[in-house]
Amino acid sequence: AAFRSAISTKLLNKELVVVDNFDLVEAKTKELVSVLANLNVTKTATIVTKGVNESVLRASGNLSHIDATTSDLLNVYDIVASDKLVLTVDAVKSIEEAYKA
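Note that the coordinates shown come from a computational prediction; the quantities given were computed from them, not determined experimentally.

Procedures and definitions
- Residue positions are given per chain, counting from 1 as you read along its sequence in written order.
- Under the rules for a predicted model, residues below a pLDDT of 70 receive no local features and side-chain atom pairs below 80 are neither given nor counted, while totals for whole chains, interfaces and linings still include all residues.
- As a rule here, side-chain values come from all non-hydrogen atoms in the structure, and water together with hydrogens is ignored.
- The method works on a 1 Å grid over the protein atoms by themselves. A cavity is a set of points holding a 1.4 Å probe that cannot get out, a pocket is an open set with protein on both sides within 12 Å along at least five of seven lines, and residues with an atom within 4 Å of a point line them.
- Grid points are joined across faces, edges and corners, and a volume is the space filled by probe spheres set on the points.
- Counting from the N terminus, the helices are the DSSP runs of H or I reaching at least four residues and the strands are the DSSP runs of E reaching at least two.
- Think of it as three bins: nonpolar holds Ala, Val, Leu, Ile, Met, Phe, Trp, Tyr, Cys and Pro, charged holds Asp, Glu, Lys and Arg, and polar takes everything else, Gly as well.

Caption draft 1: Spotlight on the layout of surface pockets. Computed from the structure, the largest pocket encloses a volume of approximately 270 Å³. What lines the largest pocket is simply Phe 3, Arg 4, Ile 7, Ser 8, Leu 11, Leu 16, Val 18, Leu 87, Val 92, Ile 95, Glu 96 and Tyr 99. Secondary structure elements with two or more residues in the lining of the largest pocket: helix H1 (2–12), strand E1 (16–19) and helix H5 (89–98). Counting residues per element, the lining of the largest pocket draws most heavily on H1, at five residues. Residue composition of the lining of the largest pocket, by class: nine nonpolar, one polar and two charged.

In short, the description is geometric, and any link to function would need to be established separately.
Set out below in C-alpha cells:
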C-alpha cells in the first residue's frame, strides 16, 4: 500500500516521467545530463529500468543527484527520496505486473 501511495503521489505532483527507453549512444555522463535536461529533470531523480541498463549505470555513476535502479529493486525510499521518478515503459509494465491485486 505504501508503494502504491508513493507512486500515486509522484504522479499527482507531476514528479513522474515515463520514457520509451534509455538507449544512450555513448553511455556518457554528458549524454545522460542532456537527456534528463530535455525531460525537465533538474534536481534529484531516480531512473528505473526493467532490467539492468549498463549504459544508464555508467552514465549516472558520476552524478550524485541521480540514482539508477531496476523495477524489481525499486522501493518506497527510492521513490520519495527523489524529486523526480523517471521510468521506462517496460519498467512501468513490470511494476504493474508485480503489484496486480
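Back to the write-up after that little detour.
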